[in-house]
Amino acid sequence: MSHLPDHIRSKVQDHPCYSEEAHHYFARMHVAVAPACNIQCNYCNRKYDCSNESRPGVVSELMTPDQAVKKTLAVAAAIPQMTVLGIAGPGDPLANPERTFETFRQLSEQAPDIKLCVSTNGLSLPDCVDELAKHNIDHVTITINCVDPEIGAKIYPWIFWENKRIRGVEGAKILIEQQQKGLEMLTSRGILVKVNSVMIPGVNDQHLKEVSKIVKAKGAFLHNVMPLIAEAEHGTYYGIMGQPEPTPLELQALQDDCSGDMSMMRHCRQCRADAVGLLGEDRGDEFTLDKIDEMEVDYATAMVERAKVHEAITTELEMKRALKAAPKFNPDAPLEDEAVPATRNIRIAIATKGGGVINEHFGHAHEFLVYEIGPKEHRFLGHRKCTPYCMGDESCGDGETVLGGIIRSLEGVEVLLASKIGFEPWADLEKAGIQPNGEHAMEPIEDAIRAVYDEMAAAGKLALPRADSAAQAA
């Protein structure tokens, strides 16, 4: 967030969907009040009652605005860390304007301490900007996968525009024009815009560099390049046709290419349209409509407690930011005239439940956070989703196929930190060139990866080849 202007950073640095740091501490939720969609995407298939899937467009319960408000108040009272309510589907919120804006209207009145956000494909966006501004919504996400109609025709089979279905290049052209017009209208009002793009290998992967340049020039402050999800069992066109998904390293390379023109988001979890909790977790099963009906919620009292929790988290984050910004004295650092051996960057994977610490057992992890760290700096690269290796005593250790999938998902990673790692996966990780490490349980992630890197560097494990060392010195 440090590179952003102060007026933008102040709005988003504690927003879990925008700040990589904040997502460890603050929670969000989505309410599924918008079933209809006005475009068809080749990567989308909206389905219900798919509780084991974590991807956009999937929900277990479709709600009315009244039900959505009731659920939001119940969740916010039970999870005081929840700060953001978003409407992202399962269709397009702005293709369901009555349901979407009635939800926002009620929440503005009944839960003024919750930030309101909306995600849209942008086709109806220009017609809704005035209404968005009226509800004090200062964050909008637009999914923009292309700015070239020829490429768009490969992504969108049709759009529904002015009461008719328009296909191919003509439909894609209208969609792109509406997206760009809406983006300009929002930024001219001072509404922050994040752009989502789905990376589709061989379709728009190289083109997304141009998308980054254009949306930045028009005022978008953040670009989120996400990997295509194209499993055949999801029933999408791309899944059925065998369209390849990008590998983690391909995604990172494209994100790095785009980051030269645009601030990049790398911690997106591609959440369900009814997600609840911290990013990377889903507590939706705790707040089904039948369970909410039995809850007694005193939101006025809850707001007082929520304010205390938010203040404590904000204070902790401000202290951490101040410590990070302060110069650090290292008594073991070499003097200026001493030669410092050049060391290379490495990738380290982390098993965590959240909170910015290493607190997850390897076998229970549904994902790993991946960091790149070098001699002076580190950066968060993203997360690698996986099927947990150990689902309990009966299955733990029986997951050879699962373990192989986890190892493949960790391509390019050299070290894995978890609170605990069993003997069987430990051996296979080592064989794959990934060094397991369980010595930093409950330590802050940034402190742990720095300690591991410095230890490896001191042991001579990270020395650059001579040619690379000479180039770095030059």
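Residues numbered from 1 in each chain as written. Predicted model: local features only at pLDDT ≥ 70, side-chain atom pairs only at ≥ 80, totals over all residues. Heavy atoms only, no water.

Draft legend 1. Highlighting the overall build of the protein. Counting its regular elements, the protein contains 15 helices and 17 strands. A buried classification covers 50% of the 474 residues belonging to the protein. Across the protein, contacts joining residues at least 24 apart in sequence account for 71% of those joining residues at least 6 apart. Accessible surface for the protein amounts to roughly 22100 Å². Of this, 51% is attributable to carbon and sulfur atoms. (Helix = DSSP H or I, 4+ residues; strand = E, 2+ residues; numbered from the N terminus. Buried < 20%, exposed > 50% of the residue type's maximum accessible area, 1.4 Å probe, protein only. Contact = heavy atoms within 4.5 Å. Areas by Shrake-Rupley, 256 points an atom, 1.4 Å probe, with all protein chains shown as cover.)

Draft legend 2. How the structure looks around the nonpolar core. Counting residues in hydrophobic clusters, the biggest one holds 54 residues, and the most contacted among them are Leu85 and Leu186. A per-element tally of this core places helix α2 (residues 65-78) first, with six residues. In this structure, leucine 186 is in contact with Leu125, Val129, Leu132, Val140, Ile142, Ile191 and Val193, ignoring residues within four places of it in sequence. Core analysis: the next-biggest nonpolar cluster, separate from the first, contains 21 residues, Leu123, Ile166, Ile174 and Leu228 among them. (Core = buried A, V, L, I, M, F, W, Y, C linked by side-chain atoms within 4.5 Å.)

Draft legend 3. Representation of the pairing of strand β11 (residues 222-227) in the model. The buried count for β11 comes to five of six residues, which makes it a mostly enclosed element. Relative to β11, strand β10 (residues 192-199) runs parallel, the two sharing six bridges. Within β11, the position partnered with lysine 194 by the bridge is leucine 222. (Pairing = 2+ DSSP bridges.)

Draft legend 4. A look at the sheet that holds strand β2 (residues 39-40). Read across the sheet, three strands follow the order β2-β8-β9 without closing on themselves; strand pairing throughout is antiparallel. The open sheet has two edge strands, β2 and β9 (164-167), and neither has a second partner. Here helix α6 (residues 168-188) sits on the sheet and contacts β2, β8 (158-161) and β9; the angle it forms with β9, its principal contact strand, is near 105°. (Axes fitted to C-alpha atoms, helices over the stretch in contact; angles between N-to-C directions.)

Draft legend 5. Broad picture of the side chain of glutamine 243. Along the polypeptide, glutamine 243 turns up in the loop between α8 (237-241) and α9 (248-258). For glutamine 243, the side chain forms a polar contact with the main-chain oxygen of proline 201, separated by 2.8 Å. Discounting chain neighbours no more than four positions away, the residues touching glutamine 243 are Ile200, Pro201, Val203, Leu228, Ala230 and Tyr238. (Polar contact = N/O pair within 3.5 Å; in protein donor to acceptor, adjacent residues only side chain to side chain.)

Draft legend 6. How the structure looks around the sheet that holds strand β12 (residues 276-277). The seven strands lie next to each other as β11-β10-β7-β6-β5-β1-β12, forming an open sheet whose pairing is mixed. Only two strands of the sheet have a single neighbouring strand rather than two, namely β11 and β12. Packing of α6 onto the sheet brings it into contact with β7 (139-143) and β10, and relative to β7 it is tilted by some 165°.

Draft legend 7. Layout of the packing of α2 against helix α3 (residues 97-110). One way to put it is that α2 packs onto α3 with a least axis distance of 9 Å and a crossing angle of 40°. It follows that α2 is oblique to α3 by the angle criterion. In terms of crossing hand, the pair formed by α2 and α3 is right-handed. Counting all contacts with α2, which are made through Pro65, Asp66, Ala68, Val69, Thr72 and Leu73, the residues of α3 involved are Arg99, Glu102, Thr103, Gln106, Leu107 and Gln110. Its residues placed into classes, the contact of α2 with α3 shows five nonpolar, four polar and three charged. (Parallel < 35°, antiparallel > 145°, perpendicular 65-115°, else oblique. Left-handed = near helix turned anticlockwise from the far one by under 90°. Nonpolar A, V, L, I, M, F, W, Y, C, P; charged D, E, K, R; others polar.)

Draft legend 8. Geometry of the packing of aromatic side chains. Applying the stated rule across the entire model yields five aromatic pairs. An angle of 45° between the planes, with centres 6.2 Å apart, marks the rings of phenylalanine 362 and tyrosine 389 as tilted. Taken together, the positions of phenylalanine 362 in the loop between β13 (346-350) and β14 (367-373) and tyrosine 389 in the loop between β15 (378-385) and α12 (400-409) put the pair 27 residues apart, joining distant regions of the chain. For tyrosine 389, a relative accessible area of 8% translates into the label buried. Three or more aromatic residues joined by ring pairs make a cluster, and in this case those are Phe362, Phe368 and Tyr389. (Phe/Tyr/Trp six-rings, centres within 6.5 Å; stacked < 30°, edge-to-face > 60°.)

Draft legend 9. Molecular detail of the pattern of salt bridges. Applying the stated criterion to the full structure yields 13 salt bridges. Among the ionic pairs, lysine 70 bridges to aspartate 293, the shortest N-O distance being 3.1 Å. With lysine 70 in helix α2 and aspartate 293 in the loop between α10 (289-292) and α11 (299-325), the pair connects residues that are 223 residues apart, well separated along the chain. Look at aspartate 293 and you get exposed, because its relative accessible area is 53%. (Salt bridge = Lys/Arg side-chain N within 4 Å of Asp/Glu carboxyl O.)

Draft legend 10. Quick peek at the packing of helix α4 (residues 125-134) against α6. Where α4 meets α6, the closest approach of the two axes is 8 Å, and the angle between their N-to-C directions is 20°. Compared by their axis directions, α4 and α6 come out roughly parallel. The chirality of how α4 crosses α6 is right-handed. Contacts between α4 and α6 involve Leu125, Pro126, Val129 and Leu132 on the former and, on the latter, Gln178, Lys181, Gly182, Leu183, Met185 and Leu186.

Draft legend 11. Local environment of the pairing of β8. Of the pairings in the sheet, the one linking β2 to β8 comprises two bridges and is antiparallel in character. Note on β8: the bridge partner recorded for isoleucine 39 is isoleucine 159. Both β8 and β9 contribute to a ladder of four bridges, which runs antiparallel. Along β9, the bridge assignment pairs isoleucine 159 with isoleucine 166.

Draft legend 12. Structural context of the confidence of the model for the protein. Across the protein, the average pLDDT comes to 84, with 81% of residues at 70 or higher. Predicted confidence for residues 48-54 stays below pLDDT 50, and this span has 19 contacts to residues more than four positions away or in other chains. (pLDDT = per-residue confidence, 0-100.)

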